[in-house]
Amino acid sequence: MSKANVKKRPAQAEHAALSAKKKIKAADEVLVKVKALAKRVREDPILSRTLSSLQLPHSCREVVDKNADSVLDEVESAIYQVAQQILNGEGFSYGIPSRAKGNQMYIPELDRIVLKDSKSQRPFASTSTCRKAVITTRILQLIHELCLKRIHVTKRDLFYTDVKLFEEQGNSDSTLDDVACLLGCTRSSLHVVASEKGVVVGRLTFREDGDLIDCQRMGVGGKAIPPNVDKVDSIQSDALFILLVEKDAAFMRLAEDRFYNTYPCIILTAKGQPDVASRLFLRKLKDTLKIPVLALVDSDPYGLKILSVYMKGSMNMSYDSSNLTTPDIKWLGVRPSDLDRFNIPEQCRLPMTEEDMKTGKRLMEEDFVKANPEWIKELEIMVQSKVKAEIQALSSFGFQYLSQVYLPLKLQEGDWI
């Protein structure tokens, strides 16, 4: 490539950025298509559909929120059955609902992954499952104590109650999910929460355990999403949409630019892979406010995987997908087709690794991706071009290009899928 061409490329990109900025209209005109989308969301019945209403040929398992007394009853019932087995001379075993991939299925009508009702036995008398049976019993004991005392602890606290038995936190975490399945309740019903991770800012007020929180007065860092979302109520907002952002850096840029003042919205991020509290909080906002959710993620397979966890659920927690998923999130950007459309400079486009390519191809085989032809089209562009880009690539046109040009233009054109 000649030196003249190298110089021409940045000049062309700068001209394209200037042209894009000139297309942006007044804020009210930018939001016309967002308002139309919000009206459709209010009329969409998808959130009211349930597994039982679909009459599926497969029996599926879903958990529900239970209060402390109900969880105590379930724990005591489980231990009573164990005692009965021992008194009968049978040893004891737990019938744990299987969370393996083969026991999960995507339900298009609900647009999420659910858990089928298959169980696997966890006998104490077997050398392969003896330790798991002991860990399960210990977790049941700890849950019983928490519910009796009406207190909440983090998953890390739970691990440190018996480090010698658990050995690593992954063992106590996975057994906690097994116990939630066994007892038929959500993980938050067990009084065990994850540490704070996600943050929110913008046109939103709510009460947290009685205290009034105004998310417009939380500075650039935003308000930490409470680990115990059950204590959040009195949610109020005049926002037209929720902007779900993958990364903390993009969140900070939008918060500092007060993007939500010009374009009334709530901005939320879990700073990467979403935690349970952020997913519960997002679902609660969508249920309460009935406004659309637009997602801003990296143009790479992992950005899409993160988005899919919010939308369809994760394999590990498919048993609680009815509470943890937010259906019909719109993919606003950054999409693979945006790289050429917005003339992202070549030096800001990163080559996809072999692992990236495998992840992208695996995503194209997922049922929930196949259900959306527009997603397939974008993934094909990504895999064929073999390039990816981060949200921060937009900063090549200026630090405020994201908030002042890219997002307003996407909103104005209704460019989401």
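Note that the structure is predicted; figures quoted are calculated from it, not measured. (Residues numbered from 1 in each chain as written. Predicted model: local features only at pLDDT ≥ 70, side-chain atom pairs only at ≥ 80, totals over all residues. Heavy atoms only, no water.)

For this particular structure, what's the right way to read unusual backbone geometry?
Keep in mind that most residues, glycine aside, have a negative phi and that most peptide bonds are trans. Val334 follows Gly333 through a cis peptide bond whose omega is -10°. If you trace the backbone, Val334 turns up in the loop between β16 (330-333) and α15 (336-341). In the Ramachandran plot, Glu167 falls in the positive-phi region, its phi being about 70° despite a non-glycine side chain. When you line up the elements, Glu167 lands in the loop between α8 (163-166) and α9 (169-183). The phi torsion at Lys271 lies on the positive side, around 55°, for a residue other than glycine. Of note, Lys271 is situated in the loop between β14 (265-269) and α12 (276-289). (Helix = DSSP H or I, 4+ residues; strand = E, 2+ residues; numbered from the N terminus.)

Quick question: what am I supposed to make of the sheet that holds strand β11 (residues 223-224) here?
Each strand in a sheet pairs with another by means of backbone hydrogen bonds, the pair being arranged parallel or else antiparallel. Taking strand neighbours across the sheet as the criterion, the 6 strands line up as β11-β8-β14-β13-β15-β16 in an open arrangement whose pairing is mixed. In this open sheet, the two edge strands, each paired with only one partner strand, are β11 and β16. Alignment of strand β13 (residues 241-245) against strand β15 (residues 293-296), held across 4 bridges, turns out to be parallel. Bridge pairing in β15 places Ile242 opposite Val293. (Pairing = 2+ DSSP bridges.)

What exactly am I supposed to notice about the pattern of salt bridges here?
Oppositely charged side chains can form a pair if their charged atoms are brought close together. What the rule picks out here adds up to 31 salt bridges. Glu74 is the salt-bridge partner of Lys66, the closest N and O atoms lying 3.0 Å from each other. A relative accessible area of 21% means that Lys66 is categorised as partly exposed. Here Lys149 and Glu145 are joined by a salt bridge, their closest N and O atoms 3.0 Å apart. Of this pair, Lys149 and Glu145 both sit in helix α6 (residues 130-149), 4 residues apart, which is roughly one turn of the helix. A network of salt bridges, in which partner residues are shared, links Arg335, Asp338, Arg341, Glu378, Lys410, Glu413 and Asp415. (Salt bridge = Lys/Arg side-chain N within 4 Å of Asp/Glu carboxyl O. Buried < 20%, exposed > 50% of the residue type's maximum accessible area, 1.4 Å probe, protein only.)

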